[in-house]
Amino acid sequence: MRVRASLLLACLALAGPAARSAPPERGGEDLIARVLAATAAPGGTTVLRPETRLGMVRMDSPEERARSLDYCKKNLQVPGYDASALIDALFEHNAAPVRLRLSSAPKDGYLVDHDGTYAAYFKTGGGGWAKLRRDHPGAGGMATVSIPVVDREQRLLLIYLGTQYDWLAGSGHLVVFRMEDGKLREVASLMMWIS
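Please read all numbers here as calculations on a predicted model, not as lab measurements.

J.: What am I meant to see in the overall build of the protein chain here?
T.: A tally of regular secondary structure across the protein chain gives five helices and eight strands. Starting at the N terminus and walking to the C terminus, you meet the elements of the protein chain as α-β-α-β-α-α-β-α-β-β-β-β-β. Residues classed as buried in the protein chain amount to 42% of the 195 residues present. Nonlocal contacts in the protein chain, meaning residues at least 24 apart in sequence, comprise 60% of its contacts between residues at least 6 apart.

Written as structure tokens, this is what we have:
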């Protein structure tokens, strides 16, 4: 038995350190489209803001960014997986807003407000939620997403997804999806805010 254990240790020493997995990478707008389609409410249309954001985190404030990053690392629990590197990558790739080029896809349950039609309801004199609902009864809410990040080896995708349905009805989450057979399955979520 001792010979086998010694032989095993010698083989492990010769093999060198375990290979490190590839770092998480930035996902594209195709993944944003897949997330929006996968999370669309049946029969409604989500209006997507045309710029990415990481929720309400003030990325220009080092203190707030650090506090939010720490909160996410301590509280986002993905079964059997340390999400720290994925969270670091999410914050890194979302340091500044990005203007989306994503096209609207009503059949998949979302419209992108590229021309500001829906945002205008929330400017002074725009009428707010009540007027938006009268003019667009199928609009289910205003959503914001981040640039997603992906761990391709583990087939995991992390994205921020926040939706506001009314002045005091909304929430924002970091959501982890597993990519399986061309579909997304939510495996973990962390609430970042609620109203």
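J.: Help me out: how do you make sense of the environment of His93 in this one?
T.: Relative to the elements of secondary structure, His93 occurs in helix 4 (residues 84-93). Setting aside its immediate chain neighbours within four residues, His93 contacts Arg26, Ile147 and Val149.

J.: Before we go on, may I ask you to explain the pattern of salt bridges in this structure?
T.: Side chains that carry opposite charge are capable of pairing whenever their charged atoms lie near each other. Under the defined criterion, the tally for this structure stands at nine salt bridges. In this structure, Arg152 engages Glu25 in a salt bridge whose closest nitrogen and oxygen atoms are separated by 2.8 Å. Highlighted residues: Arg152 in the loop between strand 5 (149-151) and strand 6 (156-166) and Glu25 in strand 1 (residues 25-26), separated in sequence by 127 residues. A relative accessible area of 47% means that Arg152 is categorised as partly exposed. Close ionic contact of Glu51 with Arg53 constitutes a salt bridge, the shortest N to O distance being 3.4 Å. On the basis of relative accessibility, which here comes to 30%, the residue Glu51 falls in the partly exposed class.

J.: Looking at this model, I keep getting lost on the confidence of the model for the protein chain. Mind explaining?
T.: Where the model shows low pLDDT, its predicted coordinates should not be examined in detail. Of the residues in the protein chain, 89% have a pLDDT of 70 or more, and the chain-wide mean is 87. Between residues 1-20, whose pLDDT stays under 50, and residues either more than four places distant or in other chains, the model counts zero contacts.

J.: Just checking my understanding: could you explain the environment of Ile87 for this structure?
T.: Here Ile87 is to be found in helix 4. Taking the relative accessible area as the measure of exposure, Ile87 reaches 1% and is therefore buried. In this structure the C-alpha to C-alpha distance between Ile87 and Val149, which are 62 residues apart in sequence, comes to 8.4 Å. In this structure Ile87 touches Leu69, Cys72, Lys73, Leu76 and Leu158, once residues within four positions along its chain are discounted.

J.: Looking at this model, I keep getting lost on helix 5 (residues 128-135). Mind explaining?
T.: An α-helical turn contains 3.6 residues, so a residue and the one three or four places further along point in the same direction. For helix 5, the set of buried residues is Gly128, Trp129 and Leu132. On an axial view of helix 5, the arc spanned by its buried residues comes to 105°, and they lie on one face. In this structure, the buried residues of helix 5 make contact with strand 4 (139-145) and strand 6.

J.: Help me out: how do you make sense of the pairing of strand 8 (residues 183-194) in this one?
T.: Where a strand is regular, its side chains alternate between the two sheet faces. Bridge count for strand 7 (residues 169-180) against strand 8 is 10 bridges, and the pairing is antiparallel. Its bridge partner lying in strand 8, Glu180 is registered against Lys183. Count of turn residues in the strand 7/strand 8 antiparallel hairpin: two residues, of which Asp181 carries a positive phi of about 50°.

J.: So what exactly am I meant to see when it comes to the pairing of strand 7 here?
T.: With 10 of 12 residues buried, strand 7 lies mostly within the body of the structure. Pairing of strand 6 with strand 7 involves 10 bridges; the strand directions are antiparallel. In the strand pairing of strand 7, Thr163 is matched with Ser171. Turn length for the strand 6-strand 7 hairpin, with the two strands adjacent in sequence and antiparallel, is two residues.

Conventions adopted
- Residues numbered from 1 in each chain as written.
- Predicted model: local features only at pLDDT ≥ 70, side-chain atom pairs only at ≥ 80, totals over all residues.
- Heavy atoms only, no water.
- Helix = DSSP H or I, 4+ residues; strand = E, 2+ residues; numbered from the N terminus.
- Buried < 20%, exposed > 50% of the residue type's maximum accessible area, 1.4 Å probe, protein only.
- Contact = heavy atoms within 4.5 Å.
- Salt bridge = Lys/Arg side-chain N within 4 Å of Asp/Glu carboxyl O.
- pLDDT = per-residue confidence, 0-100.
- Arc of directions from axis to C-beta.
- Pairing = 2+ DSSP bridges.

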